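# Observations on the three-dimensional arrangement
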Amino acid sequence: MFFVVIFTIILILFLMLHIRVVAQKEEYIIERFGKFYKVWESGVHFLLPFAERIAYRINIRKMTEDFPTYTMITKDNTTVLVDISIMYQISEAEKFAYSVENPMLTIENILATELNNLINELTLEEAVNSREVISSRLHSLIKDETDLWGIKIYKFELKNIFPPREIRDSLRKQMKINAEYDELIMRAKAKKEEKILQAEAEQRAEILRAEGERQAELLRAEAKKLAAQMEAESILGIQNAIAEGIQRINSANPSEAYLTIKALESFEKIADGKATKIIIPSQIQGIAGLASSLKELTTSLE
């Protein structure tokens, strides 16, 4: 009985030692008698004693791999330093375990070769300005290969292309010179536009002044014309009034005495002027004598 209990305990411990729990985002490659048997996904599994073993524990999360900095030569014989990285995920654990001995090293070698070929076809300036194009081409080249190895490449990134220090210093100086030149050009354009606007404003002001003077001249001419017209109308009115008065006098058949009195009134107005000599017509003199006689006759009758 004692031996049965001991055997049972040993058997239970033995079985417990062969129970495995696969964590989430992990997969185990199981071999039976040295050959691939199955892939364990997350959960509880039992490993058959003496027949099965866990060959590989594979992380199936998305991961990033940074490769060492590469030294390469451009088309214009300039040395550049290149940094690259990839984001990947193991999509098929069996292919990843058995297709390639060292998948990441193989990917690194392929990328280095293809990248070197691309950089050799570009000048330094083209390489620096073509990071997105280079990344896209390398991604396309490596994708077909890695799919066969059970690796899915999500993103390939060409992080940096560093020219030598002296070239970087020269480029910084050139960029500074270009920035200063662009600033000078912008200032010159601003001054030019300012002068153009000022000239246009002066021209516009001159046009407005000329237009104002022309309008003022037209208004003065119009005023003069109106004044002359009013004066002519006034003279015409006076002449019409005189003519009408003469016509009325003629139609009334005035007496000689009335005409004589009017003549005397006219003579009186003439006498009030500044003339030093007055020539009196003979008719007026006779009338004056007649008036004197009438005065004496009136006096005697009284």
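See above for the structure.
Summarised in this report is the structure supplied together with it.

Conventions we followed
Residues numbered from 1 in each chain as written. Predicted model: local features only at pLDDT ≥ 70, side-chain atom pairs only at ≥ 80, totals over all residues. Heavy atoms only, no water. Helix = DSSP H or I, 4+ residues; strand = E, 2+ residues; numbered from the N terminus. Buried < 20%, exposed > 50% of the residue type's maximum accessible area, 1.4 Å probe, protein only. Contact = heavy atoms within 4.5 Å. Expected span 1.5 Å × (residues − 1). Bend = angle between axes of the 7 residues up to and from the residue. Arc of directions from axis to C-beta. Core = buried A, V, L, I, M, F, W, Y, C linked by side-chain atoms within 4.5 Å.

### Concerning the side chain of Ser85
Looking at where Ser85 falls in the secondary structure, it is placed in strand E8 (residues 79-90). Ser85 sits in the buried class, given a relative accessible area of 5%. Contacts of Ser85, omitting those with residues within four sequence positions, involve Glu65, Asp66, Phe67, Lys155, Phe156, Glu157 and Lys159.

### Some words on the environment of Arg20
Following the sequence through the fold, Arg20 ends up in strand E1 (residues 19-22). The exposure class of Arg20 is partly exposed, given its relative accessible area of 26%. Sequence separation of Arg20 and Val44 is 24 residues, and the distance between their C-alpha atoms is 5.8 Å. Residues within four places of Arg20 in sequence aside, it is in contact with Trp40, Gly43, Val44, His45 and Ile54.

### Some words on helix H5 (residues 131-148)
Over its 18 residues, H5 runs 27 Å from end to end, which matches the ideal 26 Å to within 8%, given 1.5 Å per residue. At Ile142, H5 shows its largest bend, some 30°. Turning to H5, its buried residues number three or more, namely Ile134, Ser135, Leu138, Ile142 and Thr146. Buried residues along H5 sit in contact with helix H3 (103-120), helix H4 (124-129) and strand E9 (151-162). Immediately beyond the C-terminal end of H5, within one or two residues, lies Gly150, with a positive phi of roughly 75°.

### Side note on H3
Within an α-helix, residues lying three or four positions from one another point in the same direction, as the helix has 3.6 residues per turn. For H3, built from 18 residues, the straight-helix expectation of 26 Å at 1.5 Å per residue is met to within 8% by its first-to-last C-alpha distance of 26 Å. Among the residues of H3, those classed as buried are Pro103, Met104, Ile107, Glu108, Leu111, Leu115, Leu118 and Ile119. Along the long axis of H3, the arc covered by the buried residues comes to 125°, so they all point the same way.

### Here we look at the nonpolar core
One finds Ile84, Ile107, Leu111 and Leu115 to be the most contacted residues of the largest nonpolar core, which totals 34 residues. Sorting the residues of this core by element identifies strand E7 (70-73), E8, helix H2 (93-98), H3, H4, H5 and E9 as the ones contributing at least two each. For Ile84, the contacting residues outside a window of four places in its chain are Glu65, Asp66, Phe67, Tyr70, Leu111, Leu115, Phe156, Glu157, Leu158 and Lys159. Val22, Tyr28, Ile30 and Trp40 belong to the second largest nonpolar core, which has six residues in total.

### Some words on unusual backbone geometry
Glycine aside, negative phi is the norm for most residues, and most peptide bonds take the trans geometry. Phi is positive for Lys25, which is not a glycine, with a value near 65°. Tracing the backbone shows Lys25 in the loop between E1 and strand E2 (26-32). Residue Lys25 is classed as partly exposed on the basis of its relative accessible area of 41%. Although it is not a glycine, Phe33 sits at a positive phi angle of roughly 55°.

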